[in-house]
Amino acid sequence: MPREDGDPVRPGGQEGSGEVSGTPRLRETGDPLHRGTAAPGGSRTNMMAEGGVPGPALGDRDVSAGGAPQRARQSEEALMSELSELVQKVVKSSSWWERHGVDISILACSFLLLPAGFLCLRSAQAIPFLAGVLTLGVVHHTLTVKGSHLASHNALTESKSWGKVWAVFFIELCSAFTVEQATYNHVKIHHGYTNVIGLGDSSTWKLPFLNRYVYMFIAPLAVPILTPLVALDLLRNVEWKAALRTLCCMFLGFYCHYWLLLHVSGFQSPWSALLCMLLTRSLLAHPYIHVNIFQHIGLPMFAADRKPKRIHLMSLGVLNLPRNALLDWSFGHSLISCHVEHHLFPSLSDNMCLKIKPVVSQYLQQKKLPYNEDTYSSRLWLFLQRYEELMVHAPPITELVGIQ
């Protein structure tokens, strides 16, 4: 099946990452809604109004009575091309510091905070000890979520060689996952087929045998345990050299964390060190799970043969959350307040997604295209109310007729 239109914006004419051998899928988000109205739960959505976009058909093939699919495709491609040119101007006028330096500095600062975190855990007093847990928890999620996400898109550097090095470091050593599977399933599948049933529909995030409260508030605590177990299961789908490399990196990452807790933080028993590892690695697991489902599930879903072109697919099926200092630092802007921008231009760094946000939001609104935004609390309440519909039952396919 051909991939959706690629990411056109990259300094020096480079394309986004993701040249990985085909394997089964895993990872990230997307899901249901009804027809082309506003997103449920009161999210603020600017939908297409009459006279917004020339041509009635949005899909890859004609879905309107007597429509002109070729004309519609040209119109949609022109929209994406025009937006890409606007974004390219911003990228070209940006310095290296804006394109990569800001995010690299955040990751570097996280590394520099590691000694303080481990030393705080030596204290017998509650406040310094909790400060150490908080520090290591935030650092862990910054490296494993923000670092791994940027590395999977080769957004940390414009060098493909260094991009592969950083991908192995952040995804395998820090996150205990295999690069090939993570990159393929996130970049190729989720980004290529966002909210497409059977491909990028986020079904791997659903655990229908759990009730809403267990899934939303208890199950996230198991993420540090489930992640390496899932990774080990997926190793049978990669070459033996990649599997061996992943196993070595996973072991080294876990052992270094464990060794530092014993010899620097002063834990007296292996079980206390392992419990502290679980605590720090699950500190932000709740927002991690929530963010992944909030920003796609509950939005329009499409059949593979009747999906819109790229600009409509991403504007309809992606939602932005508000700015949040802790999550912006730990997860990155592209996963929080600039998720729409990230899905349209996935090879850009977090800081660049934030910089192009005014350009993208203004353009989509001018063209009467959706620009979905909602608050964290609103989405949480929505999922608690409609958990069965959104997370248990199969999502309805959005009809393209009438979304104009």
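Here the residue numbers are simple positions, counted from 1 along each chain's written sequence. The model is predicted, so local features are restricted to residues of pLDDT at least 70 and side-chain atom pairs to those at 80 or more, both for listing and for counting; the totals for chains, interfaces and linings are taken over all residues. Note that water and hydrogens are dropped before the side-chain values are worked out from all heavy atoms of the structure.

- Per an unreviewed UniProt entry, the chain carries the name FADS6 desaturase and comes from Elachura formosa.

**Description of the environment of L380**
Then comes step 1: Strands are runs of DSSP state E lasting at least 2 residues, helices are runs of H or I lasting at least 4, and numbering of each runs from the N terminus. Residue position: L380 is located in helix α15 (residues 376-385).
Then comes step 2: A 1.4 Å probe rolled over the protein chains alone gives each residue an accessible area, and that area as a share of the maximum for its type sets the label: buried under 20%, exposed over 50%, partly exposed in between. Owing to a relative accessible area of 19%, L380 belongs among the buried residues under this scheme.
Then comes step 3: In this structure, the C-alpha to C-alpha distance between L380 and M216, residues 164 residues apart in sequence, is 8.7 Å.
Then comes step 4: In this analysis, two residues are considered to be in contact whenever any of their non-hydrogen atoms come within 4.5 Å of each other. When sequence neighbours within four positions are dropped, the list of residues in contact with L380 reads M216, F217, H290 and F294.

**Concerning a nonpolar patch on the surface**
Then comes step 1: Exposure above 30% relative accessible area and no salt bridge define the residues that can form patches, which grow by joining like charges within 9 Å and nonpolar side chains of Val, Leu, Ile, Met, Phe, Trp and Tyr within 5 Å. To measure how exposed things are, a 1.4 Å probe is used in the Shrake-Rupley method; for residues, cover is taken only from the protein chains shown. Here, a salt bridge means any side-chain nitrogen of Lys or Arg that lies within 4 Å of a carboxyl oxygen of Asp or Glu. Taken together, I225, L226, L229, V230, L232, L247, L275 and L278 make up a surface patch of nonpolar side chains, about 670 Å² in accessible area.
Then comes step 2: No other element matches the 5 residues that helix α7 (residues 223-234) contributes to the nonpolar patch.
Then comes step 3: Within the secondary structure, L226 sits in helix α7.
Then comes step 4: For L226, a relative accessible area of 44% puts it in the partly exposed group.

**Points about the pattern of salt bridges**
Then comes step 1: Applying the stated criterion to the full structure yields 11 salt bridges.
Then comes step 2: Ionic contacts of the salt-bridge type, sharing partners, join the residues D103, K146 and D350 into one network.

**Looking at the packing of aromatic side chains**
Then comes step 1: Geometry of aromatic contacts follows a simple scheme: Phe, Tyr and Trp rings, the Trp one being its six-membered ring, pair when their centres are within 6.5 Å, and the pair is stacked under 30 degrees between planes, edge-to-face over 60, tilted otherwise. In this structure the tally under the stated criterion is 12 aromatic pairs.
Then comes step 2: Between Y288 and F331 the ring centres are 6.3 Å apart and the planes differ by 75°, which places this aromatic pair in the edge-to-face class. Within this pair, whereas Y288 is found in helix α10 (residues 285-294), its partner F331 is found in the loop between α12 (325-330) and α13 (339-344), the two being separated by 43 residues in sequence.
Then comes step 3: Aromatic side chains F294 and F383 sit 5.2 Å apart centroid to centroid with 40° between the ring planes, which places their arrangement in the tilted category. One end of the pair, F294, is in helix α10; the other, F383, is in helix α15, and 89 residues separate them in sequence. In terms of burial, F294 and F383 fall into one category: buried.
Then comes step 4: Grouping aromatic residues by their ring pairs yields a cluster made of F111, W162, W166, F169 and F170.

**Regarding the UniProt feature "transmembrane region" (unreviewed entry) in the chain**
Then comes step 1: UniProt positions are given in the numbering used here, feature names are shortened, and annotations may be inferred rather than shown by experiment. Mapped onto the present numbering, the UniProt feature "transmembrane region" (unreviewed entry) falls on residues 213-235 and 242-264.
Then comes step 2: Helix makes up 78% of residues 213-235 and strand makes up 0%, while its end C-alpha atoms are separated by 32 Å.
Then comes step 3: Secondary structure content for residues 242-264 is 96% helix and 0% strand, and the end C-alpha separation is 32 Å.

**Some remarks on the packing of α10 against α15**
Then comes step 1: Here the axes come from fitting lines to C-alpha atoms, over the contacting stretch only for helices, and the angles between their N-to-C directions go from 0 to 180 degrees. Across the interface, α10 lies against α15 with an axial gap of 11 Å and an inter-helix angle of 80°. In terms of their interaxial angle, α10 and α15 are classed as roughly perpendicular. Along its contact with α10, which presents H286, P287, H290, V291, I293 and F294, the element α15 presents Y376, R379, L380 and F383.
Then comes step 2: Three residue categories are used. Nonpolar comprises Ala, Val, Leu, Ile, Met, Phe, Trp, Tyr, Cys and Pro, charged comprises Asp, Glu, Lys and Arg, and polar comprises the others, including Gly. For the contact of α10 with α15, a count of residues per class yields 7 nonpolar, 2 polar and 1 charged. Working rule for angles: under 35 degrees goes down as roughly parallel, over 145 as roughly antiparallel, 65 to 115 as roughly perpendicular, anything else as oblique.

**Things to note about helix α3 (residues 126-152)**
Then comes step 1: Helix length check: α3, at 27 residues, gives a terminal C-alpha distance of 38 Å against a target of 39 Å (1.5 Å per residue), a fit within 8%.
Then comes step 2: For α3, the tally of buried residues reaches 19 of 27 residues, placing the bulk of the element in the interior.
Then comes step 3: Positive phi appears at N154, one or two residues downstream of α3, with a value of about 55°. The span you would expect from a helix comes to 1.5 Å times its residue count less one.

**Here's the deal with the confidence of the model for the chain**
Then comes step 1: Residues at a pLDDT of 70 or more form 80% of the chain, whose mean pLDDT is 85.
Then comes step 2: Looking at any residue, its pLDDT shows the predictor's confidence there, from 0 to 100. Here residues 10-42 scores under 50 on pLDDT; set against residues more than four positions off or in separate chains, the count is 132 contacts.
Then comes step 3: This model gives residues 46-66 a pLDDT under 50, and the stretch forms 63 contacts once residues within four places in sequence are excluded.

**Some details on helix α14 (residues 350-366)**
Then comes step 1: An ideal rise of 1.5 Å per residue puts 24 Å on 17 residues; α14 measures up with 24 Å between its terminal C-alpha atoms.
Then comes step 2: Here the bend at a residue is taken as the angle between two axes, fitted respectively to the seven residues that end there and the seven that start there. Of all the bends found along α14, the most pronounced is centred on I356 and spans about 45°, while P358, a proline, follows it within four residues.
Then comes step 3: Buried residues of α14: D350, N351, M352, C353, I356, K357, V360, S361, Y363 and L364, and no others.
Then comes step 4: With its phi angle positive at about 60°, K368 sits one or two positions after the end of α14.

**Here we look at the environment of L284**
Then comes step 1: Secondary-structure assignment places L284 in the loop between α9 (270-281) and α10.
Then comes step 2: Expressed as a C-alpha distance, the spacing of L284 and L327, which sit 43 residues apart in the sequence, is 8.8 Å.
Then comes step 3: Excluding its chain neighbours within four sequence positions, the residues that come into contact with L284 are H141, L326, S330 and F331.

**Here we look at the packing of helix α2 (residues 96-120) against α14**
Then comes step 1: With their axes 7 Å apart at the nearest point, α2 and α14 run at an angle of 130° to one another. Judged by the inter-axis angle, α2 sits oblique to α14. Along its contact with α2, which presents E98, R99, V102 and D103, the element α14 presents D350, N351, M352 and K355.
Then comes step 2: Tallied by class, the residues present in the contact of α2 with α14 amount to 2 nonpolar, 1 polar and 5 charged.

**Concerning the environment of A242**
Then comes step 1: Of note, A242 is situated in helix α8 (residues 240-263).
Then comes step 2: On the basis of relative accessible area, A242 is assigned to the buried category, the value being 9%.
Then comes step 3: Measuring from C-alpha to C-alpha, the distance between A242 and E180 comes to 8.0 Å, with 62 residues separating the pair along the chain.

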